[in-house]
Amino acid sequence: MNTPGPGFQVNLDDNSPLYMQLARKLAQDVRDGRYQADQALPSERMLSEQLDVSRVTARKAIDQLVEQGLVVRRRGSGNYIAPRIEQPLSNLSSFSEQLQQRGYTPRSEWLRREVVLADADEQLSLGLSPGARVARLERLRLADDVVMAYEISVIPATVLPRPEGVAASLYAHLGKSGHMPVRALQHIRAMNADAELAARLDVPEGRAVLFITRIGYLESGEPVELTHSYCRSDHYDFVAELRRPTPGAPA
């Protein structure tokens, strides 16, 4: 088990409580990579002994890390560094693939799987006629039992007539029928979670989350997937590689 990084001292010029100073120190240790995702954090007793602070101070500092989403509590086991996904924007991959590549165990908690009439937005995004039916799948996405995102996926019913047959991975299911998206357009923006969304994501009301809309296309150019994802911003990083055009190349 790692110990906190060196250099923690009470800052007498800082008017914030000692537990806040300790929380900032531990948070910086996490960001610096001193602790890895899913690694156990030292217990309150160990922190108090190592850093010469009271157990109450250590407990309140850990509470702050939990509130910030950097640490998750596992009943009867301890406190662990929360999962975090760094997703390149240039790759089209499923949630399950992203987690498995990083050593996490993906899981879906299904809230709804049904065939319904497509609404106006779904008709427009998927190129459907009025009265068309779609499979609508609503679920929580988890990594090692930590809620990472709330997701609503919409697929034409002609492609997915039995949504209850989808297990862990929607993309794996679509691949079996030859309907795996090969490219997608994705729009990302920040929003604040209302009470209902905050409860689903297990975050405080008003917390900033990432709202992602993705339309997936087949090789033929036909749209086959519309997905709205509400991702916890404390667990997701989106990375894009940018290049300057070579001299003389069209801008």
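- Going by what an unreviewed UniProt entry lists, the chain is known as GntR family transcriptional regulator and is assigned to Massilia arenae.

### Focus: the side chain of Ser-108
- In this fold, Ser-108 is placed in strand S4 (residues 106–117).
- A polar side-chain atom of Ser-108 sits 3.3 Å from a polar atom in the side chain of Arg-139.
- Reaching out from Ser-108, the side chain makes a polar contact with the side chain of Arg-141 at a distance of 3.2 Å.

### Description of the side chain of Arg-136
- With respect to the helices and strands, Arg-136 occurs in strand S5 (residues 133–143).
- At 2.9 Å, the side chain of Arg-136 forms a polar contact with the side chain of Glu-122.
- Other than its neighbours up to four places away in sequence, Arg-136 contacts Arg-112, Arg-113, Glu-114, Val-116, Leu-117, Asp-119, Glu-122, Ile-152, Ser-153 and Val-154.

### As for the packing of aromatic side chains
- On inspection of all chains with the given rule, the structure shows two aromatic pairs.
- With a centroid separation of 5.7 Å and an interplanar angle of 25°, the aromatic rings of Tyr-150 and Tyr-230 are classed as stacked. In this pair, Tyr-150 is assigned in strand S6 (residues 146–156) and Tyr-230 in strand S9 (residues 223–232), connecting sequence segments 80 residues apart. The pair formed by Tyr-150 and Tyr-230 is uniform in burial state, with each residue classed as buried.
- Three or more aromatic residues link up through ring pairs in this structure, and these residues are Tyr-150, Phe-211 and Tyr-230.
- Sitting over the ring of Tyr-217, Arg-183 keeps its end group 4.3 Å from the ring centre.

The rules behind each value
- Residues numbered from 1 in each chain as written.
- Predicted model: local features only at pLDDT ≥ 70, side-chain atom pairs only at ≥ 80, totals over all residues.
- Heavy atoms only, no water.
- Helix = DSSP H or I, 4+ residues; strand = E, 2+ residues; numbered from the N terminus.
- Polar contact = N/O pair within 3.5 Å; in protein donor to acceptor, adjacent residues only side chain to side chain.
- Contact = heavy atoms within 4.5 Å.
- Phe/Tyr/Trp six-rings, centres within 6.5 Å; stacked < 30°, edge-to-face > 60°.
- Buried < 20%, exposed > 50% of the residue type's maximum accessible area, 1.4 Å probe, protein only.
- Lys NZ or Arg CZ within 6 Å of the ring centre and 35° of its normal.

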